[in-house]
Amino acid sequence: MLFSYFRTALRTFLKHKSYTALNIAGLSLGIVASLFIWQYVKYERSYDTFHSKAENIYRVQYNQYQNGKLRFECAAAVPAVGPALKNNFPEVVQFTRLFPVSGVMSYNSPDYGLVAFLEEKMQITDTSVFDVFDFHLVQGDESRALVGPNKAVISEKAAEKYFGQVNPIGKTLRWGNGEIDFEVTGVFRDVPVNSHIKFDFLFSYETMKAFSRETAHETSWGWYDFNTYVLVQPGTDVAMLQAKWDKWLAETRQEDWKRYNGKQEFILQPLLDIHLGKVLLQESQPDERGNRDSVYALSFVALFILVIAWVNYINLATARSFDRANEVGVRKVMGAVRNQLIYQFMAESFLVNLLAAALSVGMIWLAWPVFADLCGRPIPVSYLAEPEFWTSLLLLFAAGSVLSGFYPAIVLSSFKPVSVLKGKVMRSGHGHVLRQSLVVFQFAASVCLIVGSLVVYEQVSFMRNRDLGVDIVKTLVVKSPGIQDSTYARKMEAFKTEALRIPGVKSMTASTNVPGDEIFWASGIRRLTRGPETNISGYTVGIDQDYVAAFGLKVIAGRGFDREHPDERKNMIINRSMAEALDWKDPHEAIGQKVVQGDTFEIVGVLENYHQMSLKESITPLVYRFTPEFSQFFAFKVQNDNYREILAQLEEPWKNIYPGNPVDYFLLDQFFNRQYEGEQRFGRIFGLFTLLAIFIACMGLFGLASFMTMQRTKEIGIRKVLGSTTSNIVLLLSRGFIQLVLIGNLIAWPLAWYVMNRWLDGFPYHISIPPVLFLVAGTGVVVIAFLSVGFQTLKAALVNPAQTLKYE
């Protein structure tokens, strides 16, 4: 009997090839889109899951309050937090701290000479890092590798880069210009790409003595540059632990907090929540962070596309139900019972979904590289071989077979044979309303997706094109060699003199940060006339005399640093936001005032606010101090876009002044705009699958219009005989479908407005959704729907009525 069901289904498919192809294509595209999105979601949710103890690892988030107001939320905590948690709470098994550093690493190879690279991914860490995380050594002893000062373990990639095929154990790597020599004591596997923190070098924590006074790297409650992680006992009630920890802090830190009228919070953040969670200050790899809202949104898009594909099948199957009424009547007369007919039509649904699932596998395999490139993520193709992928495919196939096949099977099997064979079968009003409702749903969903795509595009364009208050165009930035010894300032001036002789170089400025680079130099600042309790957190940029002019910053009070004042190190510049934070309503009131930031400084200038970071972040109070000897970047303003030519001319003075230091450079506008890559990636994926959803919906509308037009062929012939024009007939047949699309618009607009406004609320600077976006989306869908329906109706309207009525 089962074989008979499938044989009959195949005959039906061959008899109605176009409808079968339309159903298979729509379902397969729905499965492809859904599986692609779910693989992307799976990858985003996979971050840090490779750690065997991931569910018991927590990062310590540092929140600081001043005068009852939250000043910042930071991913890096103070060094005293880890020991305090372990020593006072038995639930905490272990802790580890990672202190990020960078600089030139070099190895004097006996075979190749000096091998040197500027390294960004380096951390100073505790020996317990291997107890907390699964960063295992392939060479060396994990229990001893980071014991003692000046020890280093390196990644396999770094080992090959510096030592080739030579065993690196026992070799010496030099950091900077002879600053510190490290003994390589181990090699670890390369950190997986789906890790929220990445590094190629781990240095022993005792090396921190070179960066801190006495035991500050162990006991400080104010130096917040340490990414701190704790491992808790399995089954720990973390909420209860957090409550006990907060109480302990309040009891032991209260006196210190009173001195600056503040409060510190150290929140235990689950490791597995970091990648998709809120981006905090001093994040590791902030440019690679995901977004939980985007993942949820794409999951809903996948569901919408699937439902739209299933709706297509239901609509076409029920629309054709009356065409198959005679078949049902004959089968019932021949003895078929209703259950057998349901099985027959479910078999057809099963086969269509099976063919669609098989086709989707091939399409996914072929399109995988394109999809991974679109996502901007190294999503491994090995996902296709994992049981989870095939389980998802099986579930989609099963759900599609049942959900898309059950209702048509019930409708088709319900016809009464006597009525059918007498030609008295009536069209169900209920079925007609259901089909109309499903079409409305399809296009309401499509309009929502179009509006969403347009809003994402407009918001990203707004952020990329808004006036930042700082000039970042035609700016070439070279990272400084990082050798900050007694000769640094003299060498920098010599290099600057040579650089300014190059044709096309307008200016050069040295600074600790450039726009788009997160500032880590933070310390308390207050007015000299006020007590320590008024301290607020200030982020500091070290600059030279040319910084303000080079970046086109506007001085709204006082002056910038210049060469006419030889003792600028005692002076300070602040931005408008900092002036307001220090209670100067008028920026001119701040000029000549003294402030305390470790030492005492006189404010000589106030700058207009500008966006140091992206428009995803609010403008923060900033301090500018004259410290060119600490600069990390050399920024060159150039006349034209001949960056390669200028770089080539910079190489000779660079090699002469900074021998053994590689040139590492970037274009500032590209560097700044990298902060929007996550939103652009989301926009690309969202836009692509929005188009796919519309295409699938229009396929269904095309098929539905084709069948409805075929049913009204004789009506069309009669109307033409009675004098109707082709345009009248096209409008008559299209009107019903276009009305449904318009209703879909009316439902979608308020829903899309609400959802996208919620999304925009996550940005401190954002667009207001213009009404024209809804008109564009609605008009676009109406035009696309009219073209889908109009083709079939025009084709039917052009048929000679003599052909359609010759048998009447």
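Peer 1: Lay out the overall build of the protein in plain terms, naming residues and giving numbers.
Peer 2: A count of helical and extended segments in the protein gives 24 helices and 22 strands. Burial analysis of the protein (808 residues in total) assigns 53% to the buried set. By element, 57% of the accessible surface of the protein is carried by carbon and sulfur atoms, the whole surface being about 36,300 Å².

Peer 1: Just give me the short version of a nonpolar patch on the surface, but keep the residues and values in it.
Peer 2: A surface patch of nonpolar side chains, amounting to about 370 Å² of accessible area, comprises Leu731, Val783, Phe786 and Leu787. Of all the elements, helix α23 (residues 771-797) adds the most residues to the nonpolar patch, at three residues. With respect to the element layout, Val783 can be found in helix α23. Exposure remark for Val783: the relative accessible area of 43% places this residue in the partly exposed category.

Peer 1: Tell me about the packing of helix α14 (residues 488-499) against helix α18 (residues 643-657), residues and numbers included.
Peer 2: If you want to describe how two helices pack, look at the angle between their axes and the distance between the axes. Viewed as axis vectors pointing N to C, α14 and α18 meet at an angle of 160°, and their least axial separation amounts to 10 Å. Taken together, the axes of α14 and α18 lie roughly antiparallel to each other. The element α14 and its partner α18 pack so that their crossing is right-handed. Residues Lys491, Ala494, Phe495, Glu498 and Ala499 of α14 pack against Leu650, Pro653, Trp654 and Ile657 of α18. Broken down by class, the residue content of the contact of α14 with α18 amounts to seven nonpolar, no polar and two charged.

Peer 1: Give a description of the nonpolar core that names residues and reports values.
Peer 2: One recurring pattern in soluble globular proteins: nonpolar side chains tend to sit buried together. Grouped together as the largest cluster of nonpolar side chains are 146 residues, with contacts concentrated most on Phe266 and Phe689. When near neighbours in sequence (up to four residues on either side) are disregarded, Phe689 contacts Ala33, Phe36, Ile37, Val301, Ile305 and Phe371.

Peer 1: Go over the side chain of Gln94 with me, naming the residues and quoting the values.
Peer 2: The topology assignment puts Gln94 in strand β3 (residues 92-109). Of the polar contacts made by the side chain of Gln94, one reaches the side chain of Lys86; its length is 3.4 Å. Excluding residues that lie within four positions of it along the chain, Gln94 makes contacts with Lys86, Ser128, Asp131, Val132, Tyr229, Val230 and Leu231.

Peer 1: I'd like a description of the pairing of strand β8 (residues 180-188), backed by residues and values.
Peer 2: Residues in a regular strand point their side chains to alternate faces of the sheet. Most of β8 is tucked away: seven of the nine residues are buried. Pairing geometry for strand β5 (residues 137-139) and β8, over two bridges, is antiparallel. Bridge pairing in β8 places Gln139 opposite Val187. As paired strands, strand β6 (residues 151-155) and β8 are joined by five bridges and run parallel to one another.

Peer 1: Would you mind going over the pairing of strand β10 (residues 227-232) in detail, with residue names and values included?
Peer 2: In terms of burial, β10 is a largely internal element, six of the six residues being buried. The two faces of β10 match: Asn227, Tyr229 and Leu231 on one face and Thr228, Val230 and Val232 on the other face are all buried. Alignment of β3 against β10, held across six bridges, turns out to be antiparallel. Each bridged residue has a counterpart across the sheet, and for Leu98 the counterpart in β10 is Asn227.

Peer 1: Got a sec to walk through the environment of Arg681? Specific residues and values, please.
Peer 2: Relative to the elements of secondary structure, Arg681 occurs in helix α20 (residues 677-711). Residues in contact with Arg681, not counting those within four places in the same chain, are Tyr40, Arg289, Leu374, Cys375, Gly376 and Arg377.

Peer 1: Run through the pattern of salt bridges, naming residues and quoting values.
Peer 2: Going through the model one piece at a time under the given rule, you end up with 32 salt bridges. A salt bridge links Arg97 to Asp126; its shortest N-O distance comes to 2.9 Å. With Arg97 in strand β3 and Asp126 in the loop between β4 (113-125) and α4 (129-132), this residue pair connects regions lying 29 residues apart in the sequence. Note on accessibility: Arg97 and Asp126 belong to one class, buried. Here Lys637 and Asp471 are joined by a salt bridge, their closest N and O atoms 3.4 Å apart. Of this pair, Lys637 sits in strand β21 (residues 633-638) while Asp471 sits in the loop between α13 (429-465) and β12 (475-479), placing them 166 residues apart in sequence. Look at the salt bridges and you will find they share partners, linking Lys496, Asp544, Asp546 and Arg563 into a network.

Peer 1: An account of the environment of Arg530 is requested, with residue identities and associated values reported.
Peer 2: The residue Arg530 is located in the loop between β14 (522-527) and β15 (536-543) in this model. Those residues in contact with Arg530, other than ones at most four positions away along the chain, are Leu582 and Asp583.

Peer 1: Account for the packing of helix α21 (residues 713-721) against helix α22 (residues 726-760), with residues named and values stated.
Peer 2: Between α21 and α22, whose axes approach to 10 Å, the crossing angle comes to 145°. Crossing of α21 over α22 shows right-handed handedness. Here α21 contributes Glu715, Ile716, Arg719 and Lys720 to the contact with α22, which in turn contributes Thr726, Ile729, Leu732 and Leu733. In the contact of α21 with α22, the residues fall into four nonpolar, one polar and three charged.

Peer 1: Account for unusual backbone geometry, with residues named and values stated.
Peer 2: The phi torsion at Gln282 lies on the positive side, around 60°, for a residue other than glycine. Tracing the sequence through the fold places Gln282 in the loop between β11 (262-270) and α8 (292-319). The exposure class assigned to Gln282 is buried, which follows from its relative accessible area of 6%. Backbone geometry at Asp583 places phi at a positive 70°, although glycine is not the residue there. Within the secondary structure, Asp583 is located in the loop between α16 (576-581) and α17 (587-590).

Thresholds, definitions, all that
- Per chain, residues are indexed from 1 in the order of the written sequence.
- Reporting of local features is limited, given that this is a predicted model, to residues whose pLDDT is at least 70; pairs of side-chain atoms are given and counted only at 80 or more, and all residues count toward the totals for whole chains, interfaces and linings.
- For the side-chain quantities, the full set of heavy atoms in the structure was used; hydrogens and water were omitted.
- Helix and strand definitions follow DSSP, with helices as H or I runs of at least four residues and strands as E runs of at least two, each counted in order from the N terminus.
- Exposure classes here rest on a 1.4 Å probe applied to the protein chains alone. A residue is buried below 20% of its type maximum, exposed above 50%, and partly exposed in between.
- Surface exposure here means Shrake-Rupley accessible area, sampled with a 1.4 Å probe, where a residue is shielded only by the protein chains that are shown.
- For patch detection, residues must exceed 30% relative accessible area and be free of salt bridges, and they are connected within 9 Å for like charges or within 5 Å for nonpolar side chains (Val, Leu, Ile, Met, Phe, Trp, Tyr).
- The rule for a salt bridge is simple: a side-chain nitrogen of Lys or Arg has to be within 4 Å of a carboxyl oxygen of Asp or Glu.
- Lines fitted to the C-alpha atoms define the axes, with helices restricted to the stretch that makes contact. Angles between their N-to-C directions range from 0 to 180 degrees.
- In what follows, roughly perpendicular refers to angles from 65 to 115 degrees, roughly parallel to angles under 35, roughly antiparallel to angles over 145, and oblique to any angle outside these ranges.
- Less than a right angle of anticlockwise turn of the near helix away from the far helix marks a crossing as left-handed, whereas a clockwise turn marks it as right-handed.
- Note on contacts: a residue pair qualifies if any of its non-hydrogen atoms lie within 4.5 Å across the two residues.
- In this count, Pro and Cys sit with the nonpolar residues alongside Ala, Val, Leu, Ile, Met, Phe, Trp and Tyr, while Asp, Glu, Lys and Arg are called charged and the others, Gly among them, polar.
- Working definition of a nonpolar core: buried Ala, Val, Leu, Ile, Met, Phe, Trp, Tyr and Cys residues. They are joined through side-chain atoms within 4.5 Å.
- In protein, a polar contact requires one atom able to donate a hydrogen and another able to accept it; more generally it is a pair of N or O atoms within 3.5 Å, and residues adjacent in sequence count only if both atoms are side-chain atoms.
- For two strands to be treated as a pair, DSSP must find at least two bridges joining them.

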